[in-house]
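Descriptive analysis of the structure
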Amino acid sequence: MSAPLCLLFDSDGTLVDSEILLAEVMAEVLPSYGLPFTATQYMEEFRGVRFLTIVHELERRHRALGEAQRQAMEAAMRELMEARMREQLIPIPGMDEALDALRDHPRAVVSNGPERKIRCAMECVGFAPHFGDNLFSAYSLGVWKPDPALYLKAAEAMGHPPERCVVIDDAAVGIAAGLAAGMQVIHLNRFPELEATPAGVTAINHARDLPAAVEHLSQQAMHDFMLHRSMK
């Protein structure tokens, strides 16, 4: 019998409901540095995208900043975001129960955010025991979604080949990264009226549906494994 699939979770918008907090924080901080920005703009255009990528795009549209300004702006944003998370962060509804149901699967958090932010998020909502030190930050590894290398490096560190990994992500950049990495992908699509799920991706609209989706992919992987053995 094959081992359980390895589950690679995005953080913001997948495990924790942090994206509206981030959108609001960015809408407070960026305009004070001369970059017009709204919370709606983040949610509709930039969700899950690396902060520096967002900044560079806004600079292209509005005005260029100096490096010192960029660093000061990011520091202000990070400080305010951590404070908001400690005060207001909640888990995605149903995710706690889903993680309990999936306890037999090895799992990790793989995020475009800094490790400090990931750890803060897991601690704030009580998810730290589910993941331990299996936290993989784009800032630590030097590669950001949609580059598949972030998920591939996490899978390698977890000791699982890509085909035995399942990416659970809510954002387009993460879904693209998982597909390009050759992994199974589950799209936690909390906004189905606004977003489409790409072909080849399993779509769920609520975290309560995650255990069943993982079980389906596990059965499919077992079927493929047995078929491969029978053809030898």
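The structure reproduced in this document is the subject of the present report. Keep in mind it's a predicted model, so treat the numbers as computed, not measured.

**Some words on helix 2 (residues 39-46)**
- All of the buried residues in helix 2 are Gln41, Tyr42 and Phe46. Summarising the axial view, the buried residues of helix 2 lie within an arc of 100°, below the 170-degree limit, and thus occupy one face.
- Buried residues in helix 2 make contact with helix 1 (19-29) and helix 3 (51-61).
- At the C-terminal side of helix 2, Gly48 shows a positive phi close to 85°.

**Looking at the pairing of strand 4 (residues 165-169)**
- Of all five residues in strand 4, five are buried, a share of seventy percent or more.
- Of the strand pairs in this sheet, strand 4 and strand 5 (residues 184-188) are connected by four bridges, and their pairing is parallel. What sits directly across from Val166, in strand 5, is Gln184.
- Regarding the hand of the β-α-β motif, the stretch spanning strand 4, helix 10 (residues 172-180) and strand 5 is right-handed.

Reading the values: the criteria
- Residues numbered from 1 in each chain as written.
- Predicted model: local features only at pLDDT ≥ 70, side-chain atom pairs only at ≥ 80, totals over all residues.
- Heavy atoms only, no water.
- Buried < 20%, exposed > 50% of the residue type's maximum accessible area, 1.4 Å probe, protein only.
- Helix = DSSP H or I, 4+ residues; strand = E, 2+ residues; numbered from the N terminus.
- Arc of directions from axis to C-beta.
- Contact = heavy atoms within 4.5 Å.
- Pairing = 2+ DSSP bridges.
- Right-handed = clockwise from strand over helix to strand, strands pointing away.

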